[in-house]
Amino acid sequence: MIVFDHLTKKYGQLRAVDDLSFEVQPGRVTGFLGPNGAGKTTTLRVATALIHADGGQVMFDGKTYHSLKKPMHQIGVALEPTIFHPGRTAADHLMMLAPYAGVGRKRVKDVLDFVGLTDVAGKRVGKYSLGMRGRLNLAAALLGDPHTLLLDEPVNGLDPEGIRWIRELLQALARQGRTVLTSSHLLSEVEQTVDEVVIIAHGKLVHQGTLNELESRQTRRATLVEVEDRDSLLRLALSQGWQVRDPENPRSRGVVVEGIDPAYVSRAVYQAGLSVLQLTPVVTSGLEEVFFSLTEGQGSVR
Amino acid sequence: MIAAIRSEYRKFFSTRLWWILMLVMFAYILLFSGGVAGIFSWLETSDPETFQGTAESMRPMAYGFAPSLGYVFPAIVGALAWTNEYRHRTIVPTFLGEPRRGVVSIAKAVAGVPMGFVIGLVGTIAAVGGGAVGFAIFGFPTQLGDVETWKNAGLSVLALTIWAILGVGLGMLITSQIGVIITLLVWTQLLEGIVMLVCIAFEATRGVPKYLPGQLGAAIVGGSETAMLDPTGGLGAGDTLVWWQAALLLAGYGVVFGIVGYFVRIRRDVN
Ligand SMILES: Nc1ncnc2c1ncn2[C@@H]1O[C@H](COP(=O)(O)OP(=O)(O)O)[C@@H](O)[C@H]1O
Ligand SMILES: [Mg+2]
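Residues numbered from 1 in each chain as written. Chains lettered and ligands numbered in written order. Predicted model: local features only at pLDDT ≥ 70, side-chain atom pairs only at ≥ 80, totals over all residues. Heavy atoms only, no water.

**A word on the overall build of chain B**
Here is step 1 of the chain: For chain B, the count of helices and strands is eleven helices and zero strands.
Here is step 2 of the chain: The secondary structure elements of chain B, listed N-terminal to C-terminal, are α-α-α-α-α-α-α-α-α-α-α.
Here is step 3 of the chain: Compactness check: chain B gives a C-alpha radius of gyration of 20 Å against a globular reference of 18 Å for 271 residues, within 12% of the reference.
Here is step 4 of the chain: In chain B, which comprises 271 residues, the proportion classed as buried is 52%.
Here is step 5 of the chain: Within chain B, contacts between residues at least 6 apart in sequence are counted, and of these 81% link residues at least 24 apart.
Here is step 6 of the chain: The averaged location of the 15 negative side-chain charges in chain B is 22 Å from the averaged location of its 16 positive side-chain charges. (Helix = DSSP H or I, 4+ residues; strand = E, 2+ residues; numbered from the N terminus. Rg over C-alpha atoms; globule rule 2.2 N^0.38 Å. Buried < 20%, exposed > 50% of the residue type's maximum accessible area, 1.4 Å probe, protein only. Contact = heavy atoms within 4.5 Å. Lys, Arg positive; Asp, Glu negative; His and termini not counted. Charge placed at Lys NZ, Arg CZ, Asp CG, Glu CD.)

**A short note on the sheet that holds strand β12 (residues 255-258) of chain A**
Residue and element names in this part refer to chain A.
Here is step 1 of the chain: Strand order in the open sheet formed by four strands is β11-β12-β10-β13, with antiparallel pairing between adjacent strands. The sheet is open, and its two edges are formed by β11 (243-245) and β13 (276-281), each paired on a single side. Taken pair by pair, the neighbouring strands of this sheet meet at an average axis angle of 30°, ignoring direction.
Here is step 2 of the chain: By the bridge criterion, three bridges tie strand β10 (residues 223-227) to β12 in an arrangement that is antiparallel. By the bridge assignment, T223 is partnered in β12 with V257. (Pairing = 2+ DSSP bridges. Axes fitted to C-alpha atoms, helices over the stretch in contact; angles between N-to-C directions.)

**A closer look at the domain arrangement of chain A**
Here is step 1 of the chain: Split into domains, chain A comes out as domain 1 (2-216) and domain 2 (220-284).
Here is step 2 of the chain: Using only C-alpha atoms to locate each centre, domain 1 of chain A and domain 2 of chain A end up separated by 45 Å. (Domains from an automatic or database assignment.)

**As for unusual backbone geometry**
Here is step 1 of the chain: Within the chain, A49(A) stands out as a residue other than glycine whose phi angle is a positive 65°.
Here is step 2 of the chain: Position of A49(A) among the secondary structure elements: in the loop between α1 (40-47) and β4 (55-60).
Here is step 3 of the chain: Of note in this structure, Q143(B) is not a glycine but carries a positive phi near 60°.
Here is step 4 of the chain: Residue placement: Q143(B) occurs in the loop between α7 (101-137) and α8 (147-173).
Here is step 5 of the chain: For Q143(B), a relative accessible area of 26% puts it in the partly exposed group.

**Thoughts on the site of ligand 1**
Here is step 1 of the chain: In the vicinity of ligand 1, 13 residues are found, and the nearest of them are G37(A), G39(A), K40(A), T41(A) and T42(A).
Here is step 2 of the chain: With respect to ligand 1, its neighbouring residues span chains A and B.
Here is step 3 of the chain: Measuring from an oxygen atom of ligand 1, one finds a backbone N or O atom of A38(A) at 3.2 Å.
Here is step 4 of the chain: In the model, an oxygen atom of ligand 1 is placed 2.5 Å from a nitrogen or oxygen of the T42(A) side chain.
Here is step 5 of the chain: For ligand 1, whose unbound accessible area comes to 560 Å², protein coverage reaches 67%.
Here is step 6 of the chain: Those elements that place two or more of their residues in the shell around ligand 1 are β2 (14-24) and α1 of chain A.
Here is step 7 of the chain: Take the shell around ligand 1: its biggest share by element is three residues, from α1(A).
Here is step 8 of the chain: Grouping the constituent residues of the shell around ligand 1 by class yields five nonpolar, six polar and two charged. (Near = heavy atom within 4 Å. Polar contact = N/O pair within 3.5 Å; in protein donor to acceptor, adjacent residues only side chain to side chain. Areas by Shrake-Rupley, 256 points an atom, 1.4 Å probe, with all protein chains shown as cover. Nonpolar A, V, L, I, M, F, W, Y, C, P; charged D, E, K, R; others polar.)

**Comments concerning the pairing of strand β9 (residues 204-210) of chain A**
Looking along a regular strand, one sees side chains alternate from face to face of the sheet.
All names here are of chain A.
Here is step 1 of the chain: With six bridges joining them, strand β8 (residues 196-201) and β9 adopt antiparallel strand pairing. By the bridge assignment, V197 is partnered in β9 with G209.
Here is step 2 of the chain: Between β8 and the antiparallel strand that follows it, β9, lie two residues; H202 among them carries a positive phi value of about 50°.

**Quick word on the interface of chain A and chain B**
Here is step 1 of the chain: Between chain A and chain B, the contact holds 33 residues from the first and 29 residues from the second.
Here is step 2 of the chain: At the boundary of chain A with chain B, total buried surface from both sides reaches about 2,700 Å², with 58% on carbon and sulfur atoms.
Here is step 3 of the chain: Where chain A meets chain B, there are one salt bridge.
Here is step 4 of the chain: Ionic pairing is found between D269(B) and K9(A), a salt bridge with its closest N-O pair at 2.7 Å.
Here is step 5 of the chain: Summed over the shared surface of chain A and chain B, the number is 16 residue pairs in polar contact (both at pLDDT 80 or more).
Here is step 6 of the chain: Of all the secondary-structure elements, those providing two or more residues to the side of chain A that touches chain B are β1 (2-11) and α2 (90-101) of chain A.
Here is step 7 of the chain: In terms of residue class, the side of chain A that touches chain B is built from 18 nonpolar, seven polar and eight charged. (Buried area = accessible area lost by both parts, 1.4 Å probe. Salt bridge = Lys/Arg side-chain N within 4 Å of Asp/Glu carboxyl O.)

This is how it looks when you write it as structure tokens:
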């Protein structure tokens, strides 16, 4: 289990990570989401002792990364794949990391094979495509056979086949009981991979839960109501204090009531004696829109 | 610690720059040493009257070209242990693999010793080999059977080894490759000479120059006798230090650079 405990990282005035707390459980894939600049990479760098925290800490089964003996053996980390000497081959890169992970040449070969780089293992990384670098980055993370994986935007640069491969890989690793945290700035990218999401914006936690919870958060709350007399519906909304989307739009025959349980809306409309043409929980906004509204709504106070 | 040292070797041997530098150093020293030995031997051969004993007197200088001309190379190779990592950001996987940065620092310094030794050996072979060939061609004695020659060759290897360690320390202070090279060249070719001249101008500071890195390097292999680029023409040398004092002090510079570098640079955030 990973515990992010009131983590704060400041760059001058900017709070890149702002009192962030959440937990990541083993046995499932957790998506770490937020738009670009939300603080995902910074959070992962602080967690792995690459940069100092200004407050709080990150514990891996009760220990900080810095205090781990042979951390690669316990935590596999893949940040941006821009960390290779262009003159080294993939095999060289892993061999130089092998002592840290406490493994030998055999394991290096196996991992290269596993990520599908065996054929190009002797080629200089300078000649690698972004997708191949991503695979090598993942190979390095897996080198020490860690029980926890921290991956920063791992699908970047991968082709569709690679994306499907990594998706299945992460799920397989989680099924083995490992802890997997994988970041993305696009919900759609991880939607089919993750069991749970942690969403941050401006360095703060805005949501943690399963995808289902995320979905229901919105569908429960918006209701499209269409009645014969639109004005009386608007009056009802006003008297109830409901928030109505786009009320002045004359072309819209219905009214979208936000933030209220559809069942309650239905009762109120019925009691007001309005003749209902349609009353539907709104699913117009997909997950992506929920994500957007969650992360945008954070305002620009920095 | 063993693991961290092993990793350093693998990093080293999986890049090419260091042996390109070593080849350049070899050719450079060979050219100078062979050239000086050859030219002065030829002069003495062609006009024995005027140039009586010239070849003989040039021998220490020619055989000592590794520390007097070639020291920048092991220093740069030593610094590469850091500059390469920061330049290509392999410092990220390195610190992920070993988050105790002090351990990484010590591992790099330890790994630098045999590296420096190999470079020192290559440089010394170029100096002594090139010089000996130059003298031998014109029939002058090479003194290769002489204990003194071998002692000085050994000290030459030692001097370059210590320059490599100093380089590792300098790499911690200045993690930019070009920064290290510029610093080394500007200091050794220009600033050290100016500092020496200034120091000699005042009675109180006249003893200072012998503690400057370039002079320490020269002192390891017999001081002013081998020093070719002493702008004060030997004035600054004064009473030179014993070889081992000079060796320890030069290594001390590396340690001080390393300790300061650790606190101001290595411990900082890595992005
Ligand atoms: N080294 C740095 N110096 C200054 N600001 C930084 C640095 N690294 C990141 N930031 C800022 O911190 C914020 C979070 O960045 P980052 O963690 O990279 O976000 P994400 O990975 O979610 O896209 C951004 O506003 C970014 O500009
Ligand atoms: Mg990022």
